[in-house]
Amino acid sequence: MTRLLLVAACALVDADSRVLISQRPEGKAMAGLWEFPGGKIEAGERPEESLIRELREELGIEVEEACLAPLTFASHAYADFVLLMPLWVCRRWKGTPRGCEGQALKWVAPTKLRDYPMPPADEPLIPALIDLLPAR
């Protein structure tokens, strides 16, 4: 039986309709690839709770659950597990995002997201963001 891994991801969107992506640091699986912030949903957590926790840990920002809007999801079969990843959009948070775990961050126009190599599970999320956000 294939293991199912559930992770929550967020597209933080700034006033210029750019999306924040972070680069996976050396030593982690898929190091060097760019991804949407988020992470694994722990036992007993709702996906939104997990995302709020991950954004605090990874980026040092505070997000209210009411500011998370579900947008789409991706499902991808890796060699030893299937990843299911819902994506939320967030336009309001407290604090300035920073790489609390040493990861690089970049604000990117949605139409330029494909210019950054991403894990296969993140790539299918890009068209929904392009459709949602105005081109600048």
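Here is what the cut-offs are and how they apply
- Residues numbered from 1 in each chain as written.
- Predicted model: local features only at pLDDT ≥ 70, side-chain atom pairs only at ≥ 80, totals over all residues.
- Heavy atoms only, no water.
- UniProt positions renumbered as here; feature names shortened; annotations may be inferred.
- Helix = DSSP H or I, 4+ residues; strand = E, 2+ residues; numbered from the N terminus.
- Buried < 20%, exposed > 50% of the residue type's maximum accessible area, 1.4 Å probe, protein only.
- Lys, Arg positive; Asp, Glu negative; His and termini not counted.
- Salt bridge = Lys/Arg side-chain N within 4 Å of Asp/Glu carboxyl O.
- Polar contact = N/O pair within 3.5 Å; in protein donor to acceptor, adjacent residues only side chain to side chain.
- Contact = heavy atoms within 4.5 Å.
- Expected span 1.5 Å × (residues − 1).
- Pairing = 2+ DSSP bridges.
- Axes fitted to C-alpha atoms, helices over the stretch in contact; angles between N-to-C directions.

- In the annotation of an unreviewed UniProt entry, the protein is listed under the name 8-oxo-dGTP diphosphatase and assigned to Labrys monachus.
- Word for word, the UniProt comment on the protein under Cofactor (unreviewed entry) is "Mg(2+)".
- Quoted verbatim from the Sequence similarities (unreviewed entry) field of UniProt, the annotation for the protein is "Belongs to the Nudix hydrolase family."

**A few points about the side chain of E58**
- You can see E58 is positioned in helix α1 (residues 47-59).
- Of the side chains bearing the opposite charge, K28 lies closest to the buried E58, which forms no salt bridge; the N-O distance is 6.1 Å.
- Only 3.4 Å separates the side chain of E58 from the backbone nitrogen of G38, close enough to count as a polar contact.
- Not counting the four nearest positions on each side in its chain, E58 is found in contact with P37, G38, G39, R98, G99, C100, E101 and Q103.

**Observations regarding α1**
- Taking 1.5 Å per residue, 13 residues should reach 18 Å; α1 reaches 17 Å between its end C-alpha atoms and fits that length.
- Taken as a whole, α1 has its buried residues at E48, S50, L51, I52, R53, E54, L55, E58 and L59.
- Check the buried side of α1 and you find it contacts β1 (3-12), β2 (19-23), β4 (38-40), β5 (68-77), β6 (81-90) and β7 (105-108).
- Immediately downstream of α1, the backbone of G60 shows phi near 70 degrees, a positive value.

**Regarding the sheet that holds β5**
- Judged by pairing direction, the sheet is mixed, and its 4 strands sit side by side in the order β4-β1-β6-β5 without closing on themselves. Where the open sheet ends on each side, the last strands, each with one partner, are β4 and β5. Ignoring strand direction, the axes of neighbouring strands in this sheet form an average angle of 20 degrees.
- As judged from the 9 bridges shared by β5 and β6, these two strands associate in the antiparallel manner. Bridge assignment links S75 to a residue of β6, and that residue is L84.
- Across the sheet, α1 is in contact with β1, β4, β5 and β6; its angle to β4 comes to roughly 120 degrees.

**Things to note about the environment of G99**
- Note on placement: G99 falls in the loop between β6 and β7.
- The spacing of G99 and I52 is 47 residues in sequence and 16 Å in space, taken between C-alpha atoms.
- Among residues more than four places away in sequence, those in contact with G99 are E58 and L105.

**Quick look at the environment of L71**
- Tracing the backbone shows L71 in strand β5.
- Judged by its relative accessible area of 29%, L71 falls in the partly exposed class.
- For the pair L71 and C10, spaced 61 residues apart in the sequence, the C-alpha separation amounts to 9.4 Å.
- Not counting residues up to four positions away in its chain, the partners in contact with L71 are L87, W88, V89, A128, L129 and L132.

**Some words on the sheet that holds strand β3 (residues 34-35)**
- What the 3 strands build is an open sheet, ordered β3-β2-β7; its pairing is antiparallel. Two strands bound the open sheet, and with one partner strand each, they are β3 and β7.
- By the bridge criterion, 2 bridges tie β2 to β3 in an arrangement that is antiparallel. By the bridge assignment, Q23 is partnered in β3 with W34.

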